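Architecture at a glance
Listed below are the residues making up each chain.
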Amino acid sequence: MKYAIRTRHDLMSQEIRNHLKERFDTLGLSEDNTEPDIVVTIGGDGTLLDAFHQYVDRLDMTAFVGIHTGHLGFYADWLPHEINALAEGIAHGKYSIETYPLIEVRMSKLNAEPQKYLVLNEATFRLASGTLAVDVYLQNELFECFRGDGLCVSTPTGSTAYNRSLGGAIIHPTIEVMQLTEMASINNRVFRTIGSPLILPKDQTIKLIPTGAKKCILTIDHHTELHEDVTRLDYELSGKKVQFARLKASTFWNRVHNSFIN
Ligand code: NAP
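So, here is what we can say about the structure in this document. (Residues numbered from 1 in each chain as written. Predicted model: local features only at pLDDT ≥ 70, side-chain atom pairs only at ≥ 80, totals over all residues. Heavy atoms only, no water.)

1. Some details on the pattern of salt bridges
The tally for this structure, following the rule as stated, stands at 14 salt bridges. Linking Asp 25 and Lys 21 is a salt bridge whose minimum nitrogen-to-oxygen distance equals 2.8 Å. On the criterion of helical spacing, the pair formed by Asp 25 and Lys 21 is a turn pair, its members being 4 residues apart in helix α1 (residues 11-26). For Asp 25, a relative accessible area of 35% translates into the label partly exposed. For Lys 21, a relative accessible area of 25% gives the class partly exposed. Each of Arg 17, Lys 21, Asp 25 and Glu 31 takes part in a single network of salt bridges with overlapping partners. (Salt bridge = Lys/Arg side-chain N within 4 Å of Asp/Glu carboxyl O. Helix = DSSP H or I, 4+ residues; strand = E, 2+ residues; numbered from the N terminus. Buried < 20%, exposed > 50% of the residue type's maximum accessible area, 1.4 Å probe, protein only.)

Below you can see the structure in the form of structure tokens.
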């Protein structure tokens, strides 16, 4: 079994990394940062997002596990004092694989090839300044003309992140859906949007057509990019999934409880 460890740059995370590496090496695992079977992150959910994007091209061959060095996280649900059990569980293959849905975003721009992104939490679309104006199509039919700060499209596992702050629902990750939430829409006698989060089933699509020609910001999880001349954004659930190695009996609702209530 080949492993890689991705670590946040604080002292505690670095110390746990050294200890975990020693345990893995003693147990006969080999470190391979290029083609790991398992990626352990030490830090927070943000560290796991970072690792996901580093290994996004080999998702079918790599499983993720997260150790949280702050409070318990959503993706990172192991605590530092549990690392010996974690190392032995991984070395002896005592884990099951859980897979979670991802969203594929395709961005089209004037005079450029479309760019594709895979999303673990969410993709947001807004303007660098001013009010975003976009026509929103569901299943290729015009649904609404949105005016406001922006729009967020999230995965079920991302539903506990930005989506939740925007008033979106928490979705169990076995439900293969994507959720569209508004950021401060303008609703008056001239402009009108649905005003509530929309949850779309697998195989349905969202298309955004910007109607103003300004600089746009596209965020993909923790990455932020500034773009000009965006003509269209398409969202759908990807055929690819992310794999998590689960070694203990923590259910999705345990993790939601531990992240937000306990
Ligand atoms: P950050 O601004 O440093 O962290 C944002 C917070 O979101 C952290 O507390 C992070 O947990 C938590 N988080 C990330 N994924 C989560 C998930 N799936 N469920 C529950 N909480 C989650 O940025 P970052 O660490 O690079 O993470 C980027 C994420 O921040 C984005 O994907 C977006 O979801 C989130 N975000 C949220 C808001 C908001 O709620 N208003 C605004 C912008 C971005 P850890 O502390 O464990 O890392």
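And the narrative resumes.
2. Observations concerning the side chain of Glu 182
Along the chain, Glu 182 falls in strand β11 (residues 177-185). For Glu 182, which is buried and forms no salt bridge, the nearest opposite charge comes from Arg 192, at a distance of 9.1 Å. Of note is the side chain of Glu 182, whose polar atom sits 2.9 Å from the side chain of Thr 193. Within the structure, Glu 182 has its side chain in polar contact with the backbone nitrogen of Gly 195 (distance 3.1 Å). The contact partners of Glu 182, leaving out residues within four places of it in the chain, are Glu 144, Phe 146, Gly 150, Leu 151, Leu 166, Thr 193, Ile 194 and Gly 195. (Lys, Arg positive; Asp, Glu negative; His and termini not counted. Polar contact = N/O pair within 3.5 Å; in protein donor to acceptor, adjacent residues only side chain to side chain. Contact = heavy atoms within 4.5 Å.)

3. Describing the pairing of strand β10 (residues 141-154)
Bridging between strand β8 (residues 122-127) and β10 involves 5 bridges; their strand directions are antiparallel. If you follow Thr 124 over to β10, its bridge partner there is Cys 152. Strand direction decides the pairing type here: strand β9 (residues 132-138) and β10, joined by 7 bridges, are antiparallel. Within β10, the residue paired with Leu 138 across the bridge is Glu 141. (Pairing = 2+ DSSP bridges.)

4. Observations regarding the site of the ligand
Contacts to the ligand come from 17 residues, most closely from Asp 45, His 68, Glu 122, Thr 160 and Ser 165. Here an oxygen atom of the ligand sits 2.5 Å away from a polar atom, N or O, in the side chain of Glu 122. A total of 820 Å² of accessible area belongs to the ligand in isolation, and the protein chains cover 62% of it. When contributions to the shell around the ligand are tallied by element, the ones reaching two or more residues are α2 (45-54) and α4 (162-165). The leading source of residues in the shell around the ligand is α2, at 3 residues. Residue composition of the shell around the ligand, by class: 6 nonpolar, 8 polar and 3 charged. (Near = heavy atom within 4 Å. Areas by Shrake-Rupley, 256 points an atom, 1.4 Å probe, with all protein chains shown as cover. Nonpolar A, V, L, I, M, F, W, Y, C, P; charged D, E, K, R; others polar.)

In short, the description is geometric, and any link to function would need to be established separately.
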